[in-house]
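Coordinate analysis (summary)
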Amino acid sequence: MQVAIVVYDGVFDSGLTSILDVLDNANALGGQIQEPPTWNVTMVGAAPQVRTAAGLVVSPEPLEAARTADLLVVPALAGSSPEPLIDHVGGAVSLPVRSLIRQARDRGTTIASACAGTFFLAEAGILDGRRATTTWWLSPAFRTRYPQVHLDHSQMVITSDGVITAGAAFGHVDLALAIVRASSPALADLVARYLVVDERPSQSAYTIPSALAQSDPTVAAFERWIREHLAETISLPDAAKAIGVSERTLQRCVQRTIGTSPIRFVQDLRVERASHLLRTTDLSLETISRKVGYEHPNTLRVLLRDRTGKTTSALRSR
């Protein structure tokens, strides 16, 4: 497989290098399986030299070298704020990258990206009408700017009609392993063992609900109200009235900002608090359940396993 990896000024170093490392290891370890696939990797860029976010200098091939690629990979832009990211991916500086993505898509080339790199794909218009994922903490900005994309955080890697997207930051590793797995599941497992990479089916266990809530004043107010009433039975009409909006407006704001229902958001905050208490106190599960609004401990036990993938004893041992 011919793979072209796009590099540009400010590219996230670990995103770029993790893709290179996983594919290089796949090539090196392929001799341990029968009829191994191989990946011929070329870095391409709009300038003769680009500087990564950490200051490393890369000398890529011209963008035209990607015309023969079977797979185009777009690593993330480094940064921690949505505003500069959107300015970058939507600005003139990224026009060559956006054009490359559209041209590759028109040729039927498979395109892959992770974390903030998925904003390039969305800005180029190739994600409209498709399922995709991105880094969890940028999801409010992503939903607002790209409403035609079906954002889905239920999986770490999502493939939709020849476009592959993955979750936050080190989701680049999951993305690269998914690329290997598409050709050889056995080789992907072998690479994961040598690199000591654990499978992460989704980002849900890493999401911080309160961080998402701050993107919208109504949702932020709702979050504060929930935390003040966490041990009580939560009434959405009471919550909406307390923060001065209609119940319908509250539901719409939570869905737009977090991508879920108000009830699920309440559950997320309860799971977050219960997990913290399990790790930091010796309180019984019964006591913790009452503190987060559940009369029966088994209700919390099932919810914790569903949202974190861990038992209560595993959470407490951490």
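The shown structure was predicted, so the numbers you read here are calculated from the model rather than taken from an experiment. (Residues numbered from 1 in each chain as written. Predicted model: local features only at pLDDT ≥ 70, side-chain atom pairs only at ≥ 80, totals over all residues. Heavy atoms only, no water.)

**What to know about unusual backbone geometry**
With phi around 45°, Glu35 is a residue other than glycine that occupies positive phi space. Of note, Glu35 is situated in the loop between α1 (13–29) and β2 (40–45). Positive phi outside glycine occurs at Val196, with the angle close to 55°. Following the sequence through the fold, Val196 ends up in the loop between α7 (185–195) and α8 (209–213). (Helix = DSSP H or I, 4+ residues; strand = E, 2+ residues; numbered from the N terminus.)

**A look at the sheet that holds strand β1 (residues 2–6)**
Reading across from one edge, β5-β2-β1-β6-β7-β11-β10 is the order of the 7 strands in this open sheet, with mixed pairing throughout. Edge positions in the open sheet fall to β5 (61–62) and β10 (157–160), since each of these has one partner strand only. Judged from the 4 bridges that link them, β10 and strand β11 (residues 163–166) form a sheet pairing that is antiparallel. The residue bridging Ile158 from the neighbouring strand is Thr165, located in β11. (Pairing = 2+ DSSP bridges.)

**Focus: the pairing of β2**
The pairing of β1 with β2 spans 5 bridges and is classified as parallel. Its bridge partner lying in β2, Val6 is registered against Val44. Pairing between β2 and β5: 2 bridges, direction parallel. The partner of Gly45 across the bridge, within β5, is Pro62.

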